[in-house]
Structure formats: C-alpha cells, structure tokens
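Single-letter residue listing:
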Amino acid sequence: MLAQMPRGLPGAGPCQRLRSSSSRQEQPMSPLRPPERSARKAKKKGIFWGIEVAEALHWHGWELGKEFTKHLSLKNVHVKTQKLRYRPPATRLFITVCPQPIVLSPGVSLTLPITFRPLEKKEYEDSICFEKPEGEFSVTLRATLPRHELLFPDAIQLPICAVHDFTEASFPMCNAGDLFTLFTWETPSPFHLIPASGMLEPGSECVVKVTFQPQLALVYDAIAICWFGDNEEQKRTIKLRAIAKYPCLLVSVLGELCEDVGPGNFRDVLCFGSVAVGATVERQVEICNPSMVSVPFRIERAKEPLLRDYVFSCDITEAIVPANGKLLLSVRFSPQTVGVQSMDYFTIVPVGNLTQTVLKVTGSCKGSLVCLQYSFINFGWINLGECMMQPLEISNLSDVPAYYQFDIDGAESVFSFDRPCGVLSGKGTLILKVTFRPTHPIICYRRVVCLIHHQSPMFLDLFGTCHSDTTKPAILRPRHLSWYRTNMARGLTFYPPDILSSMLREGKLQTDENRALRLPPQIPEDKPPEEYPYIDPMTEYFHDGITSDLTMFPPHVSVSVREFDFGCCVRLQEVDPLPLCLTNHTKGKITVTWTHSPESAFRVTPETCDIPPLKSTAFRLIFQPSQLNTLYAAELEGFAFYKVLRHYSNIEEDNTMCPSWCLTIRVRGHTFEVDRQHFIPHYVLDSPKVFPAAGPNASAYRSVLLWNVGTSPITFCMNQNICPSVLVKPCSGHIAPGAHQIFLLSTQPVDVAPQQHVLSLQLNSYPKYTQEIPLWSSGEPLLLLLEGDGSLYFKPTCVGTSSTRLYTIKNCTRLPLHFQWKIQQSDSKVLSVKPATGVIQPNEALAQAWTFTPGEETKYLLRTWVSVWRAQDNSAPESPESTRYPLRVIGEGALGTITAQEEQLDLGNILVGSLQSCDLVLLNNGTCSLNYILSVEQIITGPCDPEAVLSDPLVLELDHYKGMIPARSKAIVQVTVSPARPLHYNWSISYTISTPKALDPANTTGEQQALCRVVATGVYPTLCVTDVCVAGSASGISKLHLWRLFSLETLNQYLERDPTSRELTFRVPTRHSVCPVPPVHTPVLLDFNFGAAPIEAEPSVVILMLENSGVVPVEWAFLFPSDQKIDVEHWAENTEFDPSELHQMRVQDNQLFSVSPKSGRLFPGQEQTVQLSHRHDFIGTDRLPVLLKVSHGREILLNFIGVTVAQEQRYVHFTSTKHLFTPIAIGSSSPPKQIYELYNGGSMAVAYEIQLDSVMKIQEENFQHPVFVCLNPRGEILPGMTSHIEWIFSPLEARMYSVDVPIHILEGDSALITFQGIGYDPHIMGETAQFNQVLSPAVAPGSSKLTVPGQTAFLSQHRICLGNIPVYSKSSRLFFLNNASESEAVIFAWHIGTSNAGEMLQIIPEMGVVQPGDGTHCIITLQASGTACFYNMDLVCEVFMQQPLAKYEKALQEWEAEKERQTMEFVITEKDLVAESNLKQRARSSSDSSAEGKLTKLPAVIRKYKTLPPIKNLHVPNPPVSRSQRRHLTDKEASGLWAKPEPPKSYLLHLGMTARSHSMDDFLSNFCSELPKHFLCHHLKQRVVESQALDSRKDKGGVRIDPVLLALASSSEQEMQVVTDTLTAVIRGLLEDTQFHQAVSRSLAEPMPYFHQFWSEESAKLQGRKQRLGSSSRVFPSPGACAKDKPGEEEEEERKEECEMRPVTSAKAAGREPLDSWCDVLHQEQLREQKEKITRLLAFRNLVELMLENTLQNIMVEASRGEVVLTARPRVIALPPSSAQRGVSPTTSGQPASLSCTAGPGPSLPREGKETEGCPQIVLSP
C-alpha cells in the first residue's frame, strides 16, 4: 500500500493533501472483489502532489524460475511540470530500470517496468519510493501465493421480524482466492443460510440468503461460521443480528356503531343493518398493527354449515399488515332470504396463532312490502255486452323495489288488468285498472293470486253478476263471500241453495250471530261451530288439490287435467282435439260455462253444459292455430255454479247464496316446422341456490323471477317429473315481451342431510332451450352447542353473596331456535340465569349471565338443562319436537375477612382547610370475593373543648364506601382528609361484609370489624423571623436594637398563633378592594421602624431571615395597598383623597419602601432572606401599611416607618416613649446597672443631657433612697451610632415605679421618656423569679451566615451570651472570622465602642488580614467590674477589601501631596502689590480661617503657573428638589475640581455580647454550683480598691472620674509633646543602631555558663527548702467559698504528687549514702510548704489560667483547621519497661505533658493496675 511521508516543505500544503485524500474516495475498491481482477478492471490510484499513480502492484499466479513484469504508470495531473526521483526496491526480487530523474509535463504519463523474479515459493512484499521537493510517497509491490479466501461482510442486520414469521436478507460471497473453494455453513437457530454448502470458482461470486424465523421475542445476536479450504480447516464468521417482537393486531370497525355495541376505540362487531334482498353492501374493517413488525395474518371462518349459503364474503384470506400501519378489509353482505337475521364470525389469526381477534358480522335482509288497496273488487251487476272498470291501488311500503304479477290471462278471462305485471319502486304506488267484461249472464267469481318476488303471494277476490234479457241470476254481494267461507268451513257448501233453504225451514240448519249457517248443536255442546281459519298464503297457493295432493278444503268441481300441450301442429286444420273431464262433487246440479275469446286459438266444447250431482262430463279442447312457426299459449277460464242460481227467484234465503267456482286450464302449442328453429329466448333468470332453512318435513319456499328481455314472447314449461320433490307454480305459461314471470317453489326436506334439486325449465317448446336450476335444501336439526362441553364452573363465592359469569351457547343451525333453561326447584335459590328463555338467531353465539348464590360454606354440584325447539313450530318445551341439553354447574361457598395493608395510616400534618389524599390498601387473602361496606368514626384531641368538637362534621371522606375485592387481591380506597381545626384527628375505619343474598333478609350485613386507623394533625402554616441584619444607612444599628425596632419578638408571637376567622376571609393574596386604603381583616398591627437617616443618604436596608418553623409548606407575601386594589377604569375611580391616602400614594409612587422578594414559598425548615429598604429622598416621616399575608394562615398589618432628616439636623431616634427596666429584687445590696440606648439617626454628632429633677423627686418620696440613678446623664452620640445610658434601678418596695425623664438634645428635638421598673419580693415569688434571664427569650441566635449583598466575610457567631457571671470574673470566648471570597483578601478592624466597653472588653486580634478562602480566630475577653450590671455591648467589625483599600491609600497620598504643594507654592509679582495689600487686610479680618480657605480666595491673576484644580469640598446651599437636577449640578461643578478620594465602601459586622454580673453574695446564693467555672481576677479588685479615693469624688451629675484621665488632664500640652518626642527619638535610635541589634542577637544566642555544670536538682531543692523555712507564708482565701475545706486529703494528695515527682538521680548520686531520716522529713515538709505557697500566689493562678486558656484555644483553632479531630477515638501506645529505657525515667519531670494527657473525648485509661505496672502507656489522638 502507499505510505505518504511528507517532509514539511512549503510545497506540501494542506490543499494538496486534501486533494489526495479526496481522490482516494472517488474510486473505492470493493472488498468483495478479488484484488487481481479488480486491478485489471480499474486499479485503485492515488494522487500525491499532482502525480497520479497506482497505490500497489500485485503479482498472482507466478511460478519459480520465471520473470513476471508489470508496468507502473505515472501521470502528471498538475498544471505545472513535475520533477521527481525514485529509489529502486530494497530487495533484488523486484527489479526496475536504473534510477534517473523523471520530468513530467502537464498531462504526460510515464510507464516504469518492474520485474518480479521469485526464488522461493512464499509471499513477497517490497516498495518503490518516489521523491519530490514536497515530500515522498511509495508504491507497494506485493506477490502472493494461491490461497483460499472468501470475502463477505463481517455482519448483517436482518429486518425486524414478528414471532413465527420469517424475514430474509442476502449478502454476496466472493472467492477472492486463486483456488476452487469448498464451503460449509454452520448456522445457529433460528437462522438458516441458503446454500448451506457449495463450491466457488476463483473470482466467482454467489448470493447467500439468510432466513430468520424466530420463535420467541428476543434480540438475536448469533455467529454463523463458514468452513472452507481443502479440508475445511479455515473458517470465517459473520454476525447475524435480528430482533423479533410479538405481533399484535387490533380490529376497528369504521363507520357508525351498532345499537347493541358499546362505544370504544376498537370494536369487533360489524353491523350491516338491513340490506335489500338481492343487493350487495360492502363495508370496511380497519386492521391496525401498533407493533414495530409487519404481521402476516389469515382469516378463518366458523365451521362450515351443511349448506354453503354464505351471505357474508371476504376476498382476503391472507394478508400482511405493515409495521405501525393499517389494512382495510372489505366484507360484503348479500342476503337472499327476506326477514332472516344473518350472523357470522371471522377470526383474524396473526402468524403463530398467538392471539386471535374475532370479528362478528351481523345483518338482516329486507324485501319489498307490497299491499293491495282492497282484498276484493265487487263489480256488482251489468248487462250482457257491457263492461265495467274499477281502479285498484297497489303500494310498496318498503324502500326495496318489488316485482309483482297477477296470475291471470286477461285475454281469456272476463277479468283483466291493464298492467298485470310490473315493478314497484321503493315507497311507490300504482293504480291499476281492472275490467270486468262478461260473456255469459252468470255469476262470475275468481280468486286471483298476486305473485311477488321474495314475498308471499296475495289474493284478490274479483266478482260480478251479468244479466241478460232472459236470464237474471242472483247478484253476488261481499257478505255472500263471507257466509260462503264460513259455510264451506262447516261443510255446507256442497248443498245447493234450494236444499239449504228447505233444511233451514225444517230446522235442520240454524244461523249464527253472523247469519252464517250452522248445524244444530249437539247435546252436550262439545265445541263451538267451526270458523273459516286463517290460511297462510303460501299454503293456500300450493295446497289447492291440483299442484299437490293436499288441499285445505275438498274441491266442489275438479278438472282431470290442468295443463295441455298440443305439441307441434304443422297442419293448421288437422289438429286433433284433446279430451277434458270435469267432475261434480256437490249434491246439486251444476252448470259449467267456458269463457271464449274470438281471437283465441283455443276453446272448449261444449261451451255450456250441465253436470248432475256427483257425476262427470267430458269436454273437448280444440286448438285452431292461424299461422305457422308461431308459439301459442293461453289460460282458459270457466265458471261452474249451481243451476238454481240462474235466476234470483230461486234463492229463498240470502245466506244460502253460493258463488261460482272458477276453473282454469293452461294450454300451449306451436306450429314450428321441423327444420325451423324456434324463437331464441332472451331472458334474465333470478334464481336462488339454496332453499331457506326449514325443519325436517317442513315446507321451504323460494321465488324465481324469469324476465323476458327480448322482443318475442316466451313459453315455458317446468317438468316436475324430473324433480318431484319441488313444487313449482305455475308450471307452464307464456311471457309477453318485456314482461316477467314469477315462479314459487316449495319443498319439504325429509332429512338433515343436504339434498340437491335440479329443476328443468324448457323455453319456447324446444329441448335445446332448457335451463337447469340447481337448488339445495336440508332439514335443520335442533343443534345447540354448549361452552365447555356442558360444564360451568364458578369461582369460590362468599356465603350470602353472588357471583356472575357468562356462559355461551351457540345455535349451529340456520333457523332461529327457542330456548328455555330448566333449574330444579331445590336449586333455584342457589342458581339463576338471565335470560332464562328467548330466541337465539341462526349461527349466533349468545352469552348468558349465570348467577351463583351459595347459602352455606360447602361445595355445590348442580344439574340443569336447556330445552330448544324451532321458532316456526308451535310446540312447547316439553313437546316431543324439543331437545334437551344438560349442563353441570360446579361452585363453592366460602367465607373470608378483609385486612388493611397498614394498620395505621399517618398522614402527618395537614394544612387546615386543605385536602390531602392517600391510598388505603385493602387485602383479601381468602379464596372468595368479598363485598364490603366501610364506616368511619372520628375522634378529635388536642388543646380544645371536648364538647365543642363533638358536633364537628366528619372531615374524612372515602372515594367509595362500598365495593368488592376479588379473591387473593387488593383494592385501593382513596382517603381524603380536610381538617377544620388545628388539632389531632384520629379516625377508626371499620368494615362489614355485605351479604345481600343472605337467607335471612333481616341480616344482610355481617358484624362490624375494625380495619385500620388514620391519624392526622391539622396545622396552620407558621413563619418566624430568625435573624436580621442591616446595611446602608442603618448599618450602625445593633442587632438587638434592630430586633426591638421591628418588633420581631412580638411578630414571632403573633405568627405562632392561629388565624382568626376574619383573617381567613381571603386565604391567598387577592385583589379585593377598590379603595386606595384596603380594609384590614386582622386585629394585629406592628411597627417596622427603619430608624432615621439624613436625606440623600444610602437607603436603610434591613434583611430578615424568614424560616418555616412549621411542618407544612408556607407561602407568604408582603402586600402593599396597591397589591390589594382591584384595577378599575379611570372613570370609576374616586378622585377625592384624604391626607393619609395622599401620603400613601406618594410613598408608593416614589417607591420609598421596597420589599424583595415580595412573596415566596418555604418548605419545612427552609429559610429565605427578605430585603426591606427605605429610601431617604424626602425629609419627614414616611409611613406605609403593608400586609404580611401567610396563605391559609395569619394576616399581620405592618406599619413601615422611616424618618429622613436634613443634612445638618441633629436628630436622635427614639423608638418608644416608654422603657421598662428588668425587674429587680427588693433588698438587693448591689442592684445591677441597666442600659438604655439612644440612636443618632442624623449626619451630625449629637450632645444629649438628661434632666434628673424627676429622679430626685422620686428619691425624696422614697426616703432618700436612690430608686433611679443615671450614671452618665450627658454625653455625645456620633452620627449613625448608638449610645448606652447607664441606669441603676434599686426598688425599695415590691411594686412598679415610674418616672418621666426629659432628654434634651442640644440643637435638636427633645423627648419625654417614661422609665418604669418593677420590684419584686424573692421570698414571695420563690422559684418563679428568674435570675438567669440575661436576654429576652425571643432573641434567637439566628443564622450566623446571614449576610448583606456583596458581603464576603462573616462571623461564626453574631451574638455571644456569657450568661450569669460573678463580679471580678474573667470570661473568654473563641469565634472565627471567615473570608468567603476565593480571590481577594479582606482587612478587618474591631471597634469596641464606648470607653467603658474598652476597659472591660478585649478582642485579639483587633485588626488583621484574612486571605481568600481562609479564616482567622478571634478571642473576646470580658473582665467584669466590681459592680453588678447588665452587659449588652455591640462590637463592630469594619471590613475592607484589600485591593480597593490599597488603591484608595495610593490615591489619597497623591491627593495630599498635591494639596500640600498647592498650599506651599505661590508666586507674587509687582503688579499684584495692591492685591497683596488687600489680601493682608482680608487676612487680618479673618485670621481664624484655614490656610486652605485663604489660598482658594486668591485671584487668579497672582498665579504665575497654572495649577491643578483647587481641592475643596463642595457644599450646595440650596439643593434643587429634583434628584436628577442635584446630580447634574454636582457632576458639573465636580468636573472642574479635584475631589478628595473617598475611602472604599466597607461593611460592618455586628457582634453582640451579653452577660449579667452578680455580686458575690447574690451569685453564691443563686449560682453556687457554677462558681468553679469562673476565674476571679483579684488584681482587678485591688485596682478598684486603690482607685476608691478617686472614685469617691463625683460630680453633681454622679459621673466618676478615672485617675489616669485626671493625670493626663493635669499635664500641659507642651509636657506631653516633650515626652513624646524624647521617647520617639530614643526608640528610633535603638532601631537604627546596628550594634544594638548585634548585642541583642548575642544575648539570645549566649552559650551556657560554666558554673551551670555544678547545679543539681537536689541542691536546688535544699536551697528552696531553706527559703521556704525562712519565709512567711500568706494564706489567700479559696475561690470556692461555698465548698468545704479538707486539708487532710489535700496533704495526702500533695505527698503522692511529691513522690511521683521525685527525680531519679544519676548513677553517681545513687551510690552515695542516704541522708538521715530527719533530713528527709524536713526536706519533704519544706517542699510541701513551698508548693502550697506557690499555689496561693496570684501570679501563679493567673499563669495557670493563661496557660489553660491558651491550650484550649490552640486545640480549638487546630480543630477548626482540621489538624485535630476531637471526636476521634484515642490510640494507646505501650512503652517498653522502665528498665529497658535509657536516660530519663517515665516518672521524671522531663516527660512530655502530652504523654499523660488524653486528647479527645475518649475514656481515660487507668493509672494503676497490673497491666500498666511494667509497661507505661502513651495515649495519643490520631
């Protein structure tokens, strides 16, 4: 292959390399082609720097000892001439011409021959390298041996496939080798490869097909192995990947739903509705495939019936639904039998038969509904030779067209229709004309049948009477027909009227109420006389005694033959007549008259003839054709009647009247010659294939329509001898052109087996025109299919309840069947079925609901049966025609209980008035389903009146109280709770088992049983303020003072209370008012006082820390009046405002007060900061009512108050006009000092003075006892700072004292403050007196990390409470100052405040630098004075960012330098002498002005040099009202001045320190146990004693003067300056003296003196013992005055310690002789006394206290930095025995202190014991 090696020359640019790579992609080499053949067709080439060359040369099929030469072509495809060189191959096997430079012009090619000379039979590879200035490239030379190599893809991904389906894919397999290769595939299931084995010639290729047919829905990743080679020793694999998924098909019926099908997305019932007979309706069903695979499916139908009379059809039997696709399935419905409800089932079975979807198709067949206007037409009587016409209306009530035909030949009858046949459209009506044209004076009566296709025939009675001059028969009336039918039913019509009249006269006959004749009743009367019955039209039509042997009534006159065929009559005049015989079956003489038409070719002779009773007479039928080759056919008509009816006078009784009987004969013939073809019939035959369903031996009827669509008449003849099982009427006749003939077919199947009938219909009397009509019929059996082979199983059912399941029965016949279930009387209470009786349609599967209701806990085996019979039969269920099918029912009665998954549901805390839901899981572990009824009982507990909550409604609701749980399952009941009170709710939920079917109706529910308990607590949302901090103009306010300004203690108390009902008027923030000042629904009003600040000062910012102290989420909002106002139109607003409304509008419009954020949501325990700010833009007091709304909770009206003062106004902000001191016990010898704070809210220092006249008056009233004492009645308050006024309240009696004290503010507003104090008797109050109360309990510690925006440093604690301490005590606390910034250091400095605080407090370090991300520890120490007092001090830590401070200092130095230059440098010229003199005079007049002021007043003309703008502060005497104008003017004037750099903005950290000191007597009496915890500084006491003389001197105001201050005050300014200058010079000289530095260094590094070697511990102790004996010891009082002294125990402990501390002498000292015993005793005594003396020294105590304090502080600092883990377990290290140690013994004083101390809280180890005797232990902390 080619390997490009660029040299990095300028010519080898990226464009050329890109072109090279792109050229490689233009002609890729197929991996499935053998390399040699692919190279022959098109060698793969590459372009390198404009040279096109093949990437490689291959040699195949080479032999040893021969040379094989190939040519390498080089082509210049660049636009410039290319020069290159080449190096020959490294081996001698590949030889080319001698290397020489190659020059190629653009488009020129060069061929380089390369010869290969093999020496061994192996593969060779080499390369030839070409060099260009741009780089190098090479061409690979490769010679290979013949080998077996098959190329095919490494992997193939088959399409996704459905389970049990198959999918295919193919891949090419190429023989890339040089040998014939045999291969065999090993394929894992379910993959198959075709061909599985074979042989490939070199270079040939075959396509391998992969078939995938999965059986499971999995992801298949298999490997197929191909073995190939000579012995199939080589192999190569291919990965076969495929995914199989389960198929899923859904059936959706398009269009409207059936009436009996419920709504749903997918429906499986296709309803065609009513379809016209013979029509075909097609509807579509949508088969949806929601799966990702294509699903093949097939459509199966139910088991084929005996006769294939399918009316539903579907062309698709197999198809494939694409993935995520749809397929429309067309189903057609072609009904053939009117009035039949058809039903069928199509089963859609996906591949694999995993699922089945049954599609039910239903439809009904509707036909025409033709009716006649009249059932008879009475023509009355007419004279012979006349005719009468009457209309007849025929209507079709259906929308289906109807084919009708009156079976009468109007040409041969006295009655005729103008349209004897035709088509009635849907809902159509025709008016037919019926004509009566008699030919003889007789009574004419004919019952004409109207045949209708697909409908039963109808009968029309036509009658009329014809009179002549001589013959006048009786007139036939409609009543006569009614009497005739009744008489015929009673068998009286076989007697002539004269005989009936005589019998009626003789009493042998009687008349009924309708005047019909009847026989006299027999005695006794067994039955009523017979009436003419209703006869089915089909039965009446076929059972006429002629077509069939059956008849409803015996005939009066019969004809021997009804149809005559003259055949072929070529000789027109020699046609032989045919005989005809008529028989009279009556008891009277009858007359027969034939109707003859002159145009007819047929006639009967004689035309009129009398026939005696019960006799027969012969007639002749004559055929007289008029022309040849013609068809003749006719229906001859004759009337037979009693001869006595020829004259009306012969009729005595009208009810004996009898109509005539019509006789018809069908005749046909033709005159076609033998060699002549008969007329070719053109017709349409509508013939069914199957007879309608009927039972065995029952009649089935069909109609056939033959339509003559030709122009010539058609004669027809139905040969019944061929198919005698089918009756056809009419059998013969003729059809006029355009007319039609309706045939009615009837059969009676005798067996259930299918029977085929073939009818032969001969047309035009020609055998060749014979049409065969095949028909099928069968007798339908009573076949019913029961589900489950006649077994019905019920699940176990709870006693007293019922379970219902569906059981399917299917009608397997084509007839509707009646069914009725029979359940034994003993089982009727246990088993029932609905419906118990009914009709099941053909081929219908009917699901019935069976109900099993057990009465006891046992197993049931019940037997019942169903009786079925045909709906057409009038038989009963118990008749022999019915059939029984038994059913076995199996069930079990059981009992069960219900349990709850959790016995107690704790909903926790719920907001009052809100809803909370949970799921109650009910478990049924039994074997039967249980019906339950739940009940709830409520109990309310808590701080409330028990009687008041008894009437509370139930606040727990269940989504349902009744239900059913199946066996071994669970049910979920949703419980909803809405507490109405903030109390604890306890609900007991019980259940009862419902048994509605219990045997005892009075006990349909079981006993009530406990189920579970639900507990919840109603709560209101609570909110509290945990911390507060300030910024801006209010940064000087201490946190405690701020807590009082904002009434936060009271606010928290109000927030803890429950809201009132009025506060819950609006549970959430709502705009509910149209007034500027909305009404308030809360009675609580608090002040939020922002303090005071000068105008244009920074806004006063207060940051509150809100915490959700409750247990439910809380939503809060600060609502300004505008937030509660409803926006209305301008015309609706009120324009008259009072001053308070105008003030609020001004505050809101100028946004003087702001809250950010104004609302929020807090979860339990969550905190959020809220920033309140007040802008000082207008002088005066700003007020704004703001509503603090807690959703579903409290409403508190906050009165925002802020004061803005003028710049030069002195203002002290008084929070309140009353101040209450802490209650003091009467009789206290040293009442504590208490503090009253004054805050300076202005921009100038304020001097105050307290007038004590009222205080002195109170003192006089209390026997000169100082009840109120002010220690500093006058002083000065710096801007933005707070001053502490010290008071002593000393009550004389147990009552409240009150005094009004005026506080005067110099040049400011004074105030009258009422000071109150309460004195109490501790003996009376007892334990209720709280001595340990240092601060108000509402002042919570809060969060130490509550910071203002932009603050990077914070304190670990913002308040330190030392509690109750004794006087003269020293208390220290450790806290940390952390720098949260990661990029910038901060500089801090502590400001203690007042001078008194500076004496008592000490902070180390007072200033310093904290690096980014680091922190520093600070130690605060309070040294209590000798006077009991309350300590409430606010320490301020001022924090600067280091970088801005450094920039400020640099800019300030530059400004000061420029100021000094401008002050000292000036130039005076002679021209300005006058100006100088004026300047001197002006200077004398204003000598007290500053030098800067003088210089700024010099005119510009005296300056020689132009200087920088003057430096001065700008003061605007009358600032404009507008802030923008003031800002514009300030910027304009400042642009010409160099303003003094302003220091960077710092932020203040407040640290509050509180404590209460008690006198020693009070402390011992109340806090005796806490005294050992405090360290008493006795030097403070001595200092106080020494300064008592100075303290005794007080001024009139009672202010004490410090002696140090007196000494400083007595010295003059010059003295102080001399001392300062002298000390400064001395110290500066020492610091600059290098010799002094060297001397100090030498003294620090001085070697050990020579005499130190004679020192020993023993000699030191002896020396100390002598000093102790000679010195007098002083006894100091023990600090624990309340503890008992035990000197004996202390002496023993001292001896033990001395023994333990005894030093081990050296080996030399050990060898000396011991001292005398008295010397030892004396020595020990001296040591004890010396130790006791040392321990009582004040310096020693202070030293020990200082060491312990520093040690603990170091440990805490190291622990904070992570260097020490205080909570870690101690580690014990065992030291070797003392004998094994060299040097210092473990008991020597040189042992480190840490070896005997335990660091950490772990347990201390025992000092004595066997385990530690020889092995000392070292306890170290990890």
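Per chain, residues are indexed from 1 in the order of the written sequence. Reporting in this predicted model follows two pLDDT cut-offs: at least 70 for local features of residues, and 80 or more for side-chain atom pairs to be given and counted; totals over whole chains, interfaces and linings ignore these cut-offs and use all residues. Excluding hydrogens and water, the side-chain values take into account all heavy atoms of the structure.

1. Considerations on the overall build of the protein
As a reminder of what qualifies: A helix here means a DSSP run of H or I that spans at least four residues, while a strand means a run of E at least two residues long, and both kinds are numbered starting from the N terminus. Here the term buried applies to any residue with accessible area under 20% of the maximum for its type, exposed to any over 50%, and partly exposed to those in between, with areas from a 1.4 Å probe on protein chains only. Here, two residues are considered to be in contact whenever any of their heavy atoms come within 4.5 Å of each other. Computed with a 1.4 Å probe, the accessible areas rest on the Shrake-Rupley method; for each residue, only the protein chains presented here act as cover.
Looking only at helices and strands, the protein features 26 helices and 108 strands. Across the 1822 residues of the protein, 43% fall into the buried class. In the protein, of all internal contacts separated by at least 6 residues, the share reaching a separation of at least 24 is 72%. Here the protein has roughly 97000 Å² of accessible surface; of this, 54% comes from carbon and sulfur atoms.

2. So, the sheet that holds strand 71 (residues 916–924)
So the rule is basically this: The pairing criterion is simple: DSSP has to find at least two bridges between the two strands.
One open sheet holds the four strands; their spatial order is 69-71-75-73, and the pairing between them is antiparallel. What marks the edges here is a single partner per strand, and that holds for strand 69 (899–900) and strand 73 (956–958). Inspection of the sheet shows strand 71 paired to strand 75 (residues 969–977) by nine bridges, in the antiparallel sense. Paired with C918 across the two strands is V975, which belongs to strand 75.

3. Considering the packing of helix 20 (residues 1613–1632) against helix 21 (residues 1634–1644)
Geometry of a packed helix pair, given as the angle between the helix axes and the separation of the axes. For clarity, the threshold we go by: To obtain each axis, a line is fitted to C-alpha atoms, and for helices this fit is confined to the stretch in contact; angles are then taken between N-to-C directions over 0 to 180 degrees. Small angles under 35 degrees read as roughly parallel and large ones over 145 as roughly antiparallel, with 65 to 115 read as roughly perpendicular and the rest as oblique. Residues are grouped as follows: nonpolar covers Ala, Val, Leu, Ile, Met, Phe, Trp, Tyr, Cys and Pro; charged covers Asp, Glu, Lys and Arg; every other residue, Gly included, is treated as polar.
Here helix 20 crosses helix 21 at 70°, and the two axes come no closer than 5 Å. In terms of their interaxial angle, helix 20 and helix 21 are classed as roughly perpendicular. Two secondary-structure elements touch here, helix 20 through L1630, L1631 and E1632 and helix 21 through T1634, F1636 and H1637. Residues belonging to the contact of helix 20 with helix 21 are distributed by class as follows: three nonpolar, two polar and one charged.

4. Details of the state of the cysteines
Filter applied, for reference: What counts as a disulfide here is a pair of cysteine sulfur atoms lying within 2.5 Å.
Enumeration according to the criterion identifies zero disulfides in this entry. For the unlinked cysteine C798, the closest cysteine sulfur is that of C928, found at 4.6 Å. In this model C918 remains outside any disulfide bridge; the closest cysteine sulfur is found in C1012, 8.6 Å from its own. Since its relative accessible area comes to 16%, C918 is described here as buried.

5. Comments concerning helix 8 (residues 1139–1149)
Filter applied, for reference: Directions drawn from the helix axis to the C-beta atoms are what define this arc.
Three or more residues of helix 8 are buried, namely E1141, Q1144, V1147 and Q1148. Around the axis of helix 8, the buried residues are gathered within 125° of arc, so they sit on the same side. Residues of helix 8 that are exposed and point over 90 degrees away from its buried face: P1139 and D1149. Buried positions along helix 8 lie against strand 82 (1153–1156) and strand 85 (1180–1190). Downstream of helix 8 by a residue or two, Q1151 has a phi angle that is positive, lying close to 55°.

6. A closer look at the pattern of salt bridges
Basically, it comes down to this: The term salt bridge refers to a pairing of a side-chain nitrogen on Lys or Arg with a carboxyl oxygen on Asp or Glu at a separation within 4 Å.
One pass over the structure, following the stated rule, counts 47 salt bridges. Put simply, D407 and R666 hold a salt bridge, and the shortest N to O gap is 2.7 Å. Of this pair, D407 sits in the loop between strand 34 (402–406) and strand 35 (415–417) while R666 sits in strand 50 (residues 661–670), placing them 259 residues apart in sequence. Note on accessibility: D407 and R666 belong to one class, buried. Measuring nitrogen to oxygen at the nearest pair gives 3.5 Å for the salt bridge that ties R668 to D565. Remark: D565 occurs in strand 43 (residues 563–568) and R668 occurs in strand 50; sequence separation between them is 103 residues. You can call R668 buried: its relative accessible area is 11%. Members of the salt-bridge network, linked through shared partners, are D407, R446, E635, E637 and R666.

7. Some remarks on empty space enclosed by the protein
Summary: where empty space remains is shown by rolling a probe the size of a single water molecule over the atoms. What counts, and what does not: Every definition here rests on a 1 Å grid over the protein atoms only: cavities are sets of points where a 1.4 Å probe fits but cannot get out, pockets are open sets enclosed by protein on both sides within 12 Å along at least five of seven lines, and lining residues have some atom within 4 Å of a point. Grid points are joined across faces, edges and corners, and a volume is the space filled by probe spheres set on the points.
One pass over the structure, following the stated rule, counts seven cavities of 30 Å³ or more. Considered as a void within the structure, the largest cavity measures approximately 220 Å³ in volume. Residue assignment for the lining of the largest cavity shows that the elements contributing at least two residues are strand 78 (1024–1032), helix 6 (1039–1045), strand 97 (1353–1355) and strand 105 (1547–1558). Per-element tally for the lining of the largest cavity: the top contributor is strand 78, with four residues. Taken together, the residues that form the lining of the largest cavity break down as 11 nonpolar, eight polar and two charged.

8. Quick notes on the confidence of the model for the protein
Let me state the cut-off plainly: By definition, pLDDT measures how confident the predictor is in each residue, and it falls between 0 and 100.
Of the residues in the protein, 81% have a pLDDT of 70 or more, and the chain-wide mean is 80. Per-residue pLDDT stays below 50 along residues 1336–1343; that stretch engages in 17 contacts with residues further than four places along the chain or on separate chains. A low-confidence stretch, residues 1482–1525 (pLDDT under 50), is modelled with 46 contacts involving residues beyond four sequence positions or located in other chains.

9. Digging into the side chain of T1204
Applied cut-off: In the analysis that follows, any N or O atom pair within 3.5 Å is treated as a polar contact, provided that within protein one partner can donate a hydrogen and the other can accept it, and provided that, for residues neighboring in sequence, both atoms belong to side chains.
By the secondary structure assignment, T1204 is in strand 86 (residues 1195–1205). When its relative accessible area of 2% is taken as the criterion, T1204 is described as buried. There is a polar contact of 3.1 Å between the side chain of T1204 and the side chain of H1176. In this structure the side chain of T1204 is engaged in a polar contact, spanning 3.3 Å, whose partner is the backbone oxygen of F1178. Beyond its immediate chain neighbours, meaning those up to four positions away, T1204 contacts A1093, P1094, I1095, H1174, R1175, H1176, F1178, I1179, G1180 and D1182.

10. Regarding the nonpolar core
How we decide: By nonpolar core is meant a set of buried Ala, Val, Leu, Ile, Met, Phe, Trp, Tyr and Cys residues that side-chain atoms within 4.5 Å join together.
Residues L580, L582, V592, W594, F602, I665 and V667 are the most contacted members of the largest nonpolar core, which totals 44 residues. Ranked by residues supplied to this core, first place goes to strand 49 (residues 631–642) with five residues. Of all hydrophobic cores here, the second largest spans 40 residues; its members include L1086, V1102, L1104 and F1120.

11. Looking at the sheet that holds strand 25 (residues 295–301)
Pairing is mixed across the open sheet formed by five strands, whose spatial order is 23-30-29-25-27. A strand with exactly one partner marks an edge of an open sheet, and here the two such strands are strand 23 (269–276) and strand 27 (318–321). Geometrically, the sheet is characterised by an average inter-axis angle of 25° between neighbouring strands, direction not taken into account. The sheet contact formed by strand 23 and strand 30 (residues 357–366) spans six bridges and is parallel. Among the inter-strand pairings, C271 is bridged to a residue of strand 30, identified as T362.

12. As for the side chain of N1364
Within the secondary structure, N1364 is located in strand 98 (residues 1359–1366). Taking the relative accessible area as the measure of exposure, N1364 reaches 8% and is therefore buried.

13. Some thoughts on the packing of aromatic side chains
In plain terms, the rule: For this analysis, a ring pair means two rings from Phe, Tyr or Trp (six-membered ring only for Trp) whose centres lie within 6.5 Å, classed as stacked if their planes differ by under 30 degrees, edge-to-face if by over 60, and tilted for the remaining angles.
Under the defined criterion, the tally for this structure stands at 56 aromatic pairs. Ring centres 4.3 Å apart and planes at 10° place the aromatic pair F406 and F417 in the stacked group. Of this pair, F406 sits in strand 34 while F417 is found in strand 35, placing the two residues 11 residues apart along the sequence. Ring geometry for F566 and F623: centres 5.1 Å apart, planes at 35°, overall tilted. Of this pair, F566 sits in strand 43 while F623 sits in strand 48 (residues 616–623), and the two are 57 residues apart along the sequence. On the basis of relative accessibility, which here comes to 12%, the residue F566 falls in the buried class.

14. Digging into a nonpolar patch on the surface
How we decide: Nonpolar side chains (Val, Leu, Ile, Met, Phe, Trp, Tyr) are joined into patches within 5 Å and like charges within 9 Å, using only residues with over 30% relative accessible area and no salt bridge.
On the surface, V1619, L1623, V1626, I1627, L1630, L1631, F1636, V1640 and L1644 cluster together into a nonpolar patch covering about 850 Å² of accessible area. Those elements that place two or more of their residues in the nonpolar patch are helix 20 and helix 21. Of the residues forming the nonpolar patch, the biggest block, six residues, is contributed by helix 20. Position of L1644 among the secondary structure elements: in helix 21. A residue is classified by how much of its surface remains accessible, and L1644, at 72% relative accessible area, is exposed.

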